[in-house]
Amino acid sequence: MRRRERDALVVARIVGDVLDPFNRSVSIRVSYNSREVTNGCEFRPSAVAHQPRVVVGGDDLRTFYTLVMVDPDAPSPSNPTLREYLHWMVTDIPGTTGSAFGSEVVCYEQPRPSIGIHRLIFVLFQQLGRETVYAPNWRQNFNTRVFAAQYNLGLPVAAVYFNCQRESGSGGRRVPQPTD
Ligand SMILES: *[C@@H]1O[C@H](CO)[C@@H](O)[C@H](O)[C@H]1NC(C)=O
């Protein structure tokens, strides 16, 4: 992973709250309509009503990836009793393709934070093989680390996040950015 990118995930405490330190080894591009998600950018709920387009790199079609999208700030960043809330899960994404070519095992749920600014994180894992990863029973109190351990996924191969607050929200806590 490029240094800037790693720093952004560390500064936003995504490495720490949700992930262990990792080095990115596969590219991921997430976009809502044609706007790409970059670390720390902000999207309002209306802009993320429908699932994004996700393109993954990797070397070949015989390597499969799992994508999870989680909110570690539910229901509120100061008291995240639902941490992590699982918004989306797609398994069996062949390398060099995208989420549309995988199995959507937990359907996309639009982020609609009511309190504070939430971090919405996309995490990509490499699977040991095809059809080796299964959906959890619940969205709430999902744990990305435990999930990864359960299916022998190892460390993430990529991650990217955006911030989201309610449509008319105007502030509250803001995670500092390395570019500040
Ligand atoms: C990431 O890469 C650096 C430099 O190659 C290495 O020192 C470090 O141990 C790696 N970290 C992980 C978690 O693999």
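This report concerns the structure included in the present document. (Residues numbered from 1 in each chain as written. Predicted model: local features only at pLDDT ≥ 70, side-chain atom pairs only at ≥ 80, totals over all residues. Heavy atoms only, no water.)

## Here we look at the packing of aromatic side chains
Then comes step 1: Evaluated as defined, the whole model comprises eight aromatic pairs.
Then comes step 2: For the ring pair Trp88 and Tyr108, a centre distance of 5.6 Å and an interplane angle of 90° mean the geometry is edge-to-face. Of this pair, Trp88 sits in strand β6 (residues 85–94) while Tyr108 is found in the loop between β7 (103–106) and β8 (118–126), placing the two residues 20 residues apart along the sequence.
Then comes step 3: What makes Trp88 buried here is its relative accessible area of 1%.
Then comes step 4: Among the residues examined, Tyr108 registers a relative accessible area of 12% and is labelled buried.
Then comes step 5: Relative to Tyr151, the ring of Phe147 lies with its centre 5.4 Å away and its plane at 70°, an arrangement referred to as edge-to-face. Assigned by exposure class, Phe147 and Tyr151 land together as buried. (Phe/Tyr/Trp six-rings, centres within 6.5 Å; stacked < 30°, edge-to-face > 60°. Helix = DSSP H or I, 4+ residues; strand = E, 2+ residues; numbered from the N terminus. Buried < 20%, exposed > 50% of the residue type's maximum accessible area, 1.4 Å probe, protein only.)

## Let's talk about the sheet that holds strand β2 (residues 35–36)
Then comes step 1: The strand order across the open sheet built from three strands is β2-β1-β4, with neighbouring strands paired in antiparallel fashion. Pairing within the sheet leaves two strands with one partner each, and these edge strands are β2 and β4 (53–56).
Then comes step 2: Of the strand pairs in this sheet, strand β1 (residues 28–32) and β4 are connected by four bridges, and their pairing is antiparallel. Bridged to Val30 within β4 is Val54. (Pairing = 2+ DSSP bridges.)

## What to know about the sheet that holds β8
Then comes step 1: The strand order β3-β9-β8-β5-β6-β7 describes an open sheet built from six strands, whose pairing is mixed. With one partner strand each, in any of the chains shown, β3 (41–42) and β7 form the two edges of the open sheet.
Then comes step 2: Direction of pairing for strand β5 (residues 64–71) relative to β6: antiparallel, over a ladder of seven bridges. Directly across from Val70, in β6, lies its bridge partner Leu86.

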